[in-house]
Amino acid sequence: MATSSPTTEQVWEIDRAVEDLVHGEAAWAACDRAKRRELLERMRVATAEHAEEWVRAAVAYKHLPEESPLVGEEWITGPYPVLTSLGSLAASIEALEEGRSPVDGFSLGRAPGGRVSVRVLPHSVWDQLLLNGFSAEVWMPPGVTKEEVRARAGLAQLRPAETNGVGVVLGAGNITSIPILDVLYELYANNRVVALKLNPVTDASSTSSARSSPR
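Residues numbered from 1 in each chain as written. Predicted model: local features only at pLDDT ≥ 70, side-chain atom pairs only at ≥ 80, totals over all residues. Heavy atoms only, no water.

1. Observations concerning the packing of helix 3 (residues 51–61) against helix 4 (residues 70–77)
Okay, step 1: At their nearest, the axes of helix 3 and helix 4 sit 10 Å apart, and the two run at 130° to each other. One finds that helix 3 runs oblique with respect to helix 4. As helix 3 packs across helix 4, the resulting crossing turns out to be right-handed. Contacts from Ala51, Glu52, Val55, Ala58 and Val59 of helix 3 reach helix 4 at Val71, Glu74 and Trp75.
Okay, step 2: Classifying every residue of the contact of helix 3 with helix 4 gives six nonpolar, no polar and two charged. (Axes fitted to C-alpha atoms, helices over the stretch in contact; angles between N-to-C directions. Helix = DSSP H or I, 4+ residues; strand = E, 2+ residues; numbered from the N terminus. Parallel < 35°, antiparallel > 145°, perpendicular 65-115°, else oblique. Left-handed = near helix turned anticlockwise from the far one by under 90°. Contact = heavy atoms within 4.5 Å. Nonpolar A, V, L, I, M, F, W, Y, C, P; charged D, E, K, R; others polar.)

This is the structure:
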């Protein structure tokens, strides 16, 4: 496959984008948990308001007939997981604000090898209605105790001021929620600010996948 080097102007544009993200990292570090939770709640409202528009765009892009059952798949793999993830993240931060563990209310059990398991699905009544018959558990590494699970839940939001540099998320594929969920994970689980680069990921203007400033 033929490739070409970016022009000088494109390199400058990439450098400016990275510089903006470095400044953004400082701004993100200054956001306390309450501000981060408020941002999640605002995103949730905006996602709900534009969910139908989102699905229509995906249907049009994939040339799906309006009566196709695959339209339902666009709802369940597009707005729905983003809405649930935003709600779960907000609930996790709220738990930390109140001195609780984000896993409070989840069932902790035992998996093969003596591992601690956490039953994560179904959790809400909506999970039971929309994903009836499906269940999921998270298995901890061997040796991790229930007390450690409770203490470590929350990941980077346990110390929100300690950010972890700048990263990049390359978004591609036909599941429209994945790039958004990846960005949310980087921001909230890893405490790292990111530049989202959508398809085509090989474009010369791709945002500094080789440039980062981890601490």
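2. Topic: helix 8 (residues 178–188)
Okay, step 1: Turning to helix 8, its buried residues number three or more, namely Pro179, Val183, Leu184, Glu186, Leu187 and Tyr188.
Okay, step 2: The inward-facing, buried residues of helix 8 contact helix 1 (8–29), helix 2 (33–49), helix 5 (79–97), strand 4 (166–171) and strand 5 (193–198). (Buried < 20%, exposed > 50% of the residue type's maximum accessible area, 1.4 Å probe, protein only.)

3. Points about helix 4
Okay, step 1: By the burial criterion, the buried members of helix 4 are Val71, Glu74 and Thr77. End-on, the buried residues of helix 4 take up no more than an arc of 135°, which puts them together on one face.
Okay, step 2: Buried residues along helix 4 sit against helix 3 and helix 5. (Arc of directions from axis to C-beta.)

4. Points about the side chain of Ser177
Okay, step 1: As for its placement among the helices and strands, Ser177 is situated in the loop between strand 4 and helix 8.
Okay, step 2: With residues near it in sequence (within four places) discarded, Ser177 still touches Trp54, Thr77, Gly78, Pro81 and Val82.

5. Details of the sheet that holds strand 1 (residues 107–111)
Hydrogen bonds along the backbone pair up the strands of a sheet, which may run parallel or antiparallel.
Okay, step 1: If you walk across this open sheet you meet the three strands as 1-2-3, and the pairing is antiparallel. Edge positions in the open sheet fall to strand 1 and strand 3 (136–139), since each of these has one partner strand only. Each neighbouring strand pair of the sheet contributes to a mean axis angle of 40°, computed without reference to strand direction.
Okay, step 2: Summarising the sheet, strand 1 and strand 2 (residues 115–121) pair through five bridges and their orientation is antiparallel. Counterpart to Ser107 in the pairing with strand 2 is Arg119. (Pairing = 2+ DSSP bridges.)

6. Here's the deal with the environment of Ser101
Okay, step 1: Along the chain, Ser101 turns up in the loop between helix 5 and strand 1.
Okay, step 2: Look at Ser101 and you get buried, because its relative accessible area is 9%.
Okay, step 3: Spatially, the C-alpha atom of Ser101 lies 8.4 Å from that of Arg152, the residues being 51 residues apart in sequence.
Okay, step 4: With residues near it in sequence (within four places) discarded, Ser101 still touches Ala95, Arg150 and Ala153.

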